[in-house]
Amino acid sequence: MIPKDGASAPLLAIEDLAVSFGTESGRVSVLDGVNLSIFPGQAVGLVGESGSGKSVTAMSVMRLLPSPPSRVDRGRILFRGQDLLALPAGKMRAMRGDRIGMIFQEPMTSLNPTFTVGFQIAEALALHGKARGVAAHERAGALLERVGVGPAARRLRQYPHELSGGLRQRVMMAIALACDPDLLIADEPTTALDVTIQAQILDLIARLRAEFGMSVLLITHDLGVVAEVCDLVAVMYAGRIVEQASAARLFAAPRHPYTLGLMESAPKLGQRVKELPTIPGMVPPPGKRGPGCGFVGRCGRALARCAAEPPPLAPVGGPVGSSASPGHEAACWNPVP
Amino acid sequence: MLRFLARRLAQSVLVILGVTLVTFLISFAVPADPARMIAGRSASAAEVASVRHQLGLDRPLPVQYLRYLGHLVRGDLGRSYVQRIDVSTVVESRLPATLELMAGAIFFELLLGLPAGAFSAARRGTRADKGTMVLSFIGVSAPQFVVGLLLLYVFGYLLDLFPLGGYGGLANLFLPALTLGIAGGGWYARQSRSSMVDALRQDYVRTARAKGAGEWRVVLLHAGRNAVLPVIAMIGLDIGNFMQGVVVVEAVYGWPGIGQLAWQAIQQLDIPVIMGVTIVAAVAIVLGNLLADIITGALDPRIRVR
């Protein structure tokens with residue numbers, strides 16, 4: 001991918017990550033060779049339908065997938081050059097919440113109902129030795145103000161059930177950002193929220209990213225969300241990344257038929273259509289994927305080769321007649337021209 | 001919270017009223033004539049009839065029930081046929097021993113049950129989990145008179161660590177309380193395991209892990225605080241079961257509580273005492289439930305507001 005501001009080493013580099021789950025009918029591959037890099041300060045969007053493997057990718061980085069049933073079959077997750085998958089449990093625990101913060105899709109249930117907001121933020125600080133007791137509580141208050149939850153003095157004493165979904169997601173942000181992490185993973189952070197609140201949370205993520213100078217991995221199925229926040233976009237399908245490019249580039253000239261299908265099926269403002277185009281069929285569930293490209297069964301451009309051989313993620317030039325576009329990659333034998 | 005309490009209190013009164021009616025009716029189904037028991041075996045038919053008239057037993061049932069209720073409200077549980085003293089005096093003298101036994105038993109139940117349940121849930125699906133659950137099952141299903149006698153034999157007789165029964169200090173309390181605690185502990189282990197397994201599945205547990213909390217902190221603090229709520233509610237609900245165990249254990253250890261009292265009264269068909277003990281037990285159960293609600297409310301902020 002394109003390094004931002006010429007920074008050379010990626011902050012996070014997922015290399016050929018393959019994860020499978022043990023089920024009653026045997027091992028099922030969920031991630032099949034995911035490659036993804038995030039450079040310092042960059043915001044990367046990971047887009048795909050439900051079941052494409054976005055959340056499993058994020059949870060793998062945090063090493064929060066329950067094992068069993070999950071298992072990493074191959075690959076590395078390098079964070080500042082260090083393989084997270086090889087870290088002992090204690091070192092990994094120290095990484096979570098400190099260097100890597102995470103927020104989730106379900107703000108209504110992600111906070112513990114039996115502890116105050118203040119306790120839950122201060123705990124993140126205390127766990128990583130940043131502050132304790134009164135000092136931690138004061139810093140928790142300052143964090144609340146930064147994520148736009150005021151007045152902090154009152155909010156700190158409140159319980160999660162006393163807050164709205166949007167406020168709870170802000171509290172989650174305060175927890176995730178408490179230790180000034182290098183990377184924020186946001187797994188569908190706005191999906192469960194009202195549209196107006198969604199926009200506020202996205203603005204907040206964009207602003208805090210600049211303030212904290214952190215990288216963001218934003219997981220979503222909503223292309224509009226990606227366009228708003230991300231520098232780079234990776235499109236995921238059936239456990240693989242099928243296309244990645246700068247956000248502007250991807251929206252202007254998608255090369256993978258799946259990406260194109262996603263964009264065509266999204267409603268556009270000011271455009272009246274009788275019926276939105278859809279991608280026929282369903283994502284093949286893990287375990288039902290053939291040897292070739294996962295999209296072959298739903299693809300109008302499929303060739304004989306597509307069913308037999310998985311296409312590698314390879315640089316693709318711009319559309320016919322334009323100059324090649326560096327950093328634009330797609331995994332397709334017969335890309336959209 | 002206040003309105004909630006008031007409603008619960010009103011329900012409690014209704015429940016107790018129901019219990020008095022049922023025990024009152026049952027006392028008439030028992031094949032014993034109170035008038036004859038009081039008059040004595042050698043009394044003539046005329047003497048028995050006069051006693052019956054004195055006690056008001058020749059009046060219609062509803063009248064007798066209302067009279068009985070009237071006495072109850074004034075704390076008068078009637079007179080024992082056998083001991084010839086007030087039932088309330090007898091119950092009062094026996095109650096402290098039983099309460100002491102219950103406190104000890106709850107202590108052991110929680111001491112054994114909660115950690116075992118939390119451990120099992122955290123190690124779900126492993127051999128340690130299965131082993132703990134088998135042990136808890138044995139604890140629940142072992143008859144209490146067997147457990148009681150076994151403990152008495154091993155710790156009282158062979159090892160001579162504790163007295164062989166009787167009422168007194170903490171040393172006397174240890175084995176009977178443990179006997180009740182083993183059965184209850186097994187039950188609580190299973191309950192706290194399932195409520196802990198449920199809590200560990202919640203999203204906030206994932207948040208705690210994502211924060212960098214260690215495994216035991218996640219289990220004991222984040223999941224534990226939520227998992228303990230239903231278990232506490234159970235302690236209150238459990239007092240009914242307790243009463244059964246108390247009768248057996250008090251008999252095994254010669255513990256002079258209301259269990260023993262009830263046991264003796266049943267053997268002697270001393271109906272006023274049986275009814276008195278039943279009503280006291282019913283009140284205890286209702287109070288236990290009420291207490292459980294209050295404690296749950298105090299621990300769970302979502303209930304506190306309501």
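Check the entry above for the structure.
If you're wondering where the values come from, they're calculated on a predicted model, not measured in any experiment.

Peer 1: I keep staring at the interface of chain B and chain A and nothing clicks. Help me out?
Peer 2: In many reports, interface size means the accessible area that the parts give up when they come together. Listed as interface residues are 21 residues of chain B and, on the opposing side, 27 residues of chain A. Summed over both partners, the interface of chain B with chain A buries about 2,100 Å², with 60% contributed by carbon and sulfur atoms. On the surface where chain B and chain A come into contact, there are three salt bridges. Across the contact surface, chain B and chain A share 15 residue pairs in polar contact (both at pLDDT 80 or more). For the side of chain B that touches chain A, the secondary structure elements donating two or more residues are helix 9 (203-211), helix 10 (215-253) and helix 13 (301-305) of chain B. Residues of the side of chain B that touches chain A, tallied by class, amount to eight nonpolar, five polar and eight charged.

Peer 1: What's the story with the pattern of salt bridges in this structure? I'm lost.
Peer 2: Think of it this way: side chains of opposite charge can pair up when their charged atoms draw near. All names here are of chain A. Within the structure shown, the criterion is met by 22 salt bridges over all chains. For the salt bridge of R71 with D73, the shortest nitrogen-to-oxygen distance reads 2.9 Å. Residues D98 and K130 are paired through a salt bridge, measuring 3.1 Å at the closest nitrogen-oxygen approach. Here D98 is found in the loop between helix 2 (89-95) and strand 6 (100-103), whereas its partner K130 is found in the loop between helix 3 (117-127) and helix 4 (133-146), with 32 residues between them in sequence.

Peer 1: Looking at this structure, how should I read helix 10 (residues 257-264) of chain A?
Peer 2: Turn by turn, an α-helix covers 3.6 residues, leaving residues three or four places apart pointing in a common direction. Residues and elements named next belong to chain A. Helix 10 sits mainly inside the fold: six of its eight residues count as buried. When we look at burial in helix 10, the residues that qualify are P257, Y258, T259, G261, L262 and M263. Lining the buried residues of helix 10 we find strand 3 (43-47), helix 8 (223-229), strand 9 (232-237), strand 10 (240-246) and helix 9 (247-252).

Peer 1: Which parts of the structure should I look at to understand the packing of aromatic side chains?
Peer 2: For any pair of aromatic rings, the description consists of the separation of the ring centres together with the inter-plane angle of the planes. All names here are of chain A. Across all of its chains, the model carries nine aromatic pairs over all chains by this definition. Each ring, one from F115 and one from F119, has its centre 4.6 Å from the other, and the planes form 15°; the classification is stacked. A relative accessible area of 5% places F115 in the buried class. Residue F119 is classed as partly exposed on the basis of its relative accessible area, which comes to 29%. Centre to centre, the rings of Y237 and Y258 are 4.4 Å apart; their planes meet at 55°, and the pair counts as tilted. Within this pair, whereas Y237 is found in strand 9, its partner Y258 is found in helix 10, the two being separated by 21 residues in sequence. Grouping residues by exposure puts Y237 and Y258 together as buried. Taken together, the ring pairs in this structure connect Y237, Y258 and F295 into an aromatic cluster. When the ring centre of W333 is taken as origin, the NZ or CZ atom of R305, which lies over that ring, is 3.5 Å away.

Peer 1: Looking at this structure, how should I read the side chain of R255 of chain A?
Peer 2: Residues and elements named next belong to chain A. Positionally, R255 belongs in the loop between helix 9 and helix 10. E243 is the oppositely charged side chain nearest to the buried, salt-bridge-free R255, at an N-O distance of 6.2 Å. From its side chain, R255 meets the backbone oxygen of V336 in a polar contact 2.5 Å long.

Peer 1: Please explain the state of the cysteines as it appears in this structure.
Peer 2: In protein structure, a disulfide is the covalent linkage between the sulfur atoms of two cysteines. All names here are of chain A. Tallying each qualifying case throughout the model produces zero disulfides over all chains. Take C306: it sits in no disulfide, and the sulfur closest to it among the cysteines is that of C332, at 6.1 Å. With no disulfide of its own, C332 lies 6.1 Å from the sulfur of C299, the closest cysteine sulfur.

Peer 1: Is there a simple way to think about the sheet that holds strand 5 (residues 82-83) of chain A in this case?
Peer 2: Within a beta sheet, neighbouring strands are joined by backbone hydrogen bonds and run either parallel or antiparallel to one another. Residue and element names in this part refer to chain A. Here four strands make up an open sheet; going across it, the order is 2-1-4-5 and the pairing antiparallel. Edge positions in the open sheet fall to strand 2 (26-38) and strand 5, since each of these has one partner strand only. Contacting strand 1 (12-23), strand 2 and strand 4 (70-79), helix 1 (residues 54-62) runs over the sheet at an angle of about 105° to strand 1.

Peer 1: For this particular structure, what's the right way to read the pairing of strand 7 (residues 183-187) of chain A?
Peer 2: Regular strands place their side chains on alternate faces of the sheet. Residues and elements named next belong to chain A. For strand 7, the buried fraction is high: five of the five residues fall into the buried class. The two faces of strand 7 match: L183, I185 and D187 on one face and L184 and A186 on the other face are all buried. Pairing of strand 6 with strand 7 involves four bridges; the strand directions are parallel. Its bridge partner lying in strand 7, I103 is registered against A186. Two elements, strand 7 and strand 8 (residues 215-220), share five bridges in a ladder whose sense is parallel. Paired with A186 across the bridge in strand 8 is L218. With helix 7 (residues 195-212) bridging strand 7 and the parallel strand 8, this β-α-β connection has right-handed handedness.

Peer 1: For this particular structure, what's the right way to read the sheet that holds strand 6 of chain A?
Peer 2: Residue and element names in this part refer to chain A. In spatial order, the strands read 6-7-8-3-9-10-12-11; together these eight strands make up an open sheet with mixed pairing. Every interior strand has two partners, whereas the edge strands, strand 6 and strand 11 (314-315), have only one. Across five bridges, the pairing between strand 3 and strand 8 is parallel. In the strand pairing of strand 8, V44 is matched with L217.

Peer 1: Quick question: what am I supposed to make of the packing of helix 5 (residues 87-122) of chain B against helix 10 of chain B here?
Peer 2: When two helices pack together, their arrangement is given by the angle between their axes and by how far apart the axes lie. Residues and elements named next belong to chain B. Packing of helix 5 against helix 10 brings their axes to within 8 Å, and their N-to-C directions diverge by 140°. If you check the angle between helix 5 and helix 10, you find them oblique. In this structure, helix 5 meets helix 10 at a crossing whose hand is right-handed. Broken down by class, the residue content of the contact of helix 5 with helix 10 amounts to 20 nonpolar, one polar and three charged.

Peer 1: Just to check I follow, could you spell out a nonpolar patch on the surface for this structure?
Peer 2: Together, Y153, Y157, L158, L159, L161 and L164 of chain B give the surface a local cluster of nonpolar side chains, amounting to about 680 Å² of exposed area. Among the structural elements, Y157 of chain B can be located in helix 7 (residues 144-158).

Peer 1: Mind showing me how you'd approach the pairing of strand 2 of chain A here?
Peer 2: Residue and element names in this part refer to chain A. As paired elements, strand 1 and strand 2 share ten bridges and run antiparallel to each other. If you follow L17 over to strand 2, its bridge partner there is V34. The loop that links strand 1 with its antiparallel partner strand 2 comprises two residues.

Reading the values: the criteria
- Residues numbered from 1 in each chain as written.
- Chains lettered and ligands numbered in written order.
- Predicted model: local features only at pLDDT ≥ 70, side-chain atom pairs only at ≥ 80, totals over all residues.
- Heavy atoms only, no water.
- Contact = heavy atoms within 4.5 Å.
- Buried area = accessible area lost by both parts, 1.4 Å probe.
- Salt bridge = Lys/Arg side-chain N within 4 Å of Asp/Glu carboxyl O.
- Polar contact = N/O pair within 3.5 Å; in protein donor to acceptor, adjacent residues only side chain to side chain.
- Helix = DSSP H or I, 4+ residues; strand = E, 2+ residues; numbered from the N terminus.
- Nonpolar A, V, L, I, M, F, W, Y, C, P; charged D, E, K, R; others polar.
- Buried < 20%, exposed > 50% of the residue type's maximum accessible area, 1.4 Å probe, protein only.
- Phe/Tyr/Trp six-rings, centres within 6.5 Å; stacked < 30°, edge-to-face > 60°.
- Lys NZ or Arg CZ within 6 Å of the ring centre and 35° of its normal.
- Lys, Arg positive; Asp, Glu negative; His and termini not counted.
- Disulfide = S-S within 2.5 Å.
- Pairing = 2+ DSSP bridges.
- Axes fitted to C-alpha atoms, helices over the stretch in contact; angles between N-to-C directions.
- Right-handed = clockwise from strand over helix to strand, strands pointing away.
- Parallel < 35°, antiparallel > 145°, perpendicular 65-115°, else oblique.
- Left-handed = near helix turned anticlockwise from the far one by under 90°.
- Patch = residues over 30% accessible without salt bridge, like charges linked within 9 Å, V, L, I, M, F, W, Y side chains within 5 Å.
- Areas by Shrake-Rupley, 256 points an atom, 1.4 Å probe, with all protein chains shown as cover.

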